[in-house]
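# Summary of the model geometry
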Amino acid sequence: MSLAGVFYRRLVSGSLTQVGDERQLHFFDAFELVFKDLEPEFLPKAARNFCALLAHHLELADRFTPALRARFEERGAQMVRALPPELVAESVARMSAEREAALRALVPDLPPSPHVRVRRDREETS
């Protein structure tokens, strides 16, 4: 497909970054296509991007109706579980604590992070 007509619209009332309807579920369809056609060496980056975008959508999930939120969460959990666990663990380890918590709430059986997270919200005292 030609990208000549693709534009990124942000903070526009009708853009996908603002609406909370059925169109949000197409996020999963798009990533299913990405994962299906992806060269193996790009899978770690695609997994990181998927997890980050999923966490972002979960942070904004109050814009969904309860039924749509349930469908969104179910589909998100299914796709996370379909990814290689080590890539999910690595992806989650690179996220903010808030986004990690959102994903762990969605998929409680996520593997533990391979890294120790250092809290950055406290001031150092000398």
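Now for a quick tour of the structure. (Residues numbered from 1 in each chain as written. Predicted model: local features only at pLDDT ≥ 70, side-chain atom pairs only at ≥ 80, totals over all residues. Heavy atoms only, no water.)

Turning to the overall build of the protein chain, a few remarks are in order. Summing up its helical and strand segments, the protein chain has five helices and zero strands in all. Reading the helices (α) and strands (β) of the protein chain from amino to carboxyl end gives α-α-α-α-α. The buried share among the 126 residues of the protein chain stands at 29%. The long-range fraction of contacts in the protein chain, counting pairs at least 24 apart against all pairs at least 6 apart in sequence, stands at 59%. By element, 56% of the accessible surface of the protein chain is carried by carbon and sulfur atoms, the whole surface being about 8900 Å². (Helix = DSSP H or I, 4+ residues; strand = E, 2+ residues; numbered from the N terminus. Buried < 20%, exposed > 50% of the residue type's maximum accessible area, 1.4 Å probe, protein only. Contact = heavy atoms within 4.5 Å. Areas by Shrake-Rupley, 256 points an atom, 1.4 Å probe, with all protein chains shown as cover.)

What follows deals with the nonpolar core. Counting 28 residues, the largest nonpolar core has Phe28, Phe50, Leu54, Phe72 and Leu103 as the members making the most contacts within it. No other element matches helix H2 (residues 43-59), which puts seven residues into this core. Other than its neighbours up to four places away in sequence, Phe50 contacts Phe27, Phe28, Phe31, Phe35, Met79, Val80 and Leu83. (Core = buried A, V, L, I, M, F, W, Y, C linked by side-chain atoms within 4.5 Å.)

A word on the environment of Gln24. Structurally, the position occupied by Gln24 is in the segment before helix H1 (26-37). Gln24 gets classed as buried once you look at its relative accessible area, which sits at 3%. Expressed as a C-alpha distance, the spacing of Gln24 and Phe72, which sit 48 residues apart in the sequence, is 8.0 Å.

To continue, consider the packing of aromatic side chains. All chains considered together, the criterion is met by ten aromatic pairs. Aromatic side chains Phe31 and Phe35 sit 5.8 Å apart centroid to centroid with 45 degrees between the ring planes, which places their arrangement in the tilted category. Placement of the pair is Phe31 and Phe35 together in helix H1, with a separation of four residues, close to one helical turn. Of the residues examined, Phe31 reaches a relative accessible area of 11% and is grouped as buried. Among the aromatic residues, those joined into a ring-pair cluster are Phe27, Phe28, Phe31, Phe35, Phe50, Phe64 and Phe72. (Phe/Tyr/Trp six-rings, centres within 6.5 Å; stacked < 30°, edge-to-face > 60°.)

Here we come to the environment of Glu22. Assignment of secondary structure puts Glu22 in the segment before H1. Setting aside anything within four residues of it in sequence, one finds Glu22 in contact with Leu68 and Arg71. Here the side chain of Glu22 touches Arg71 through a polar contact of 2.5 Å, side chain to side chain. (Polar contact = N/O pair within 3.5 Å; in protein donor to acceptor, adjacent residues only side chain to side chain.)

Within the span of helix H5 (residues 97-106), buried status applies to Glu100, Leu103 and Leu106. Buried residues along H5 cover an arc of 125 degrees about the axis, so they all sit on one side. Exposed and oriented more than 90 degrees from the buried face of H5 are Glu98 and Ala105. (Arc of directions from axis to C-beta.)

Spatial relationships are all this shows, so hold off on functional conclusions.
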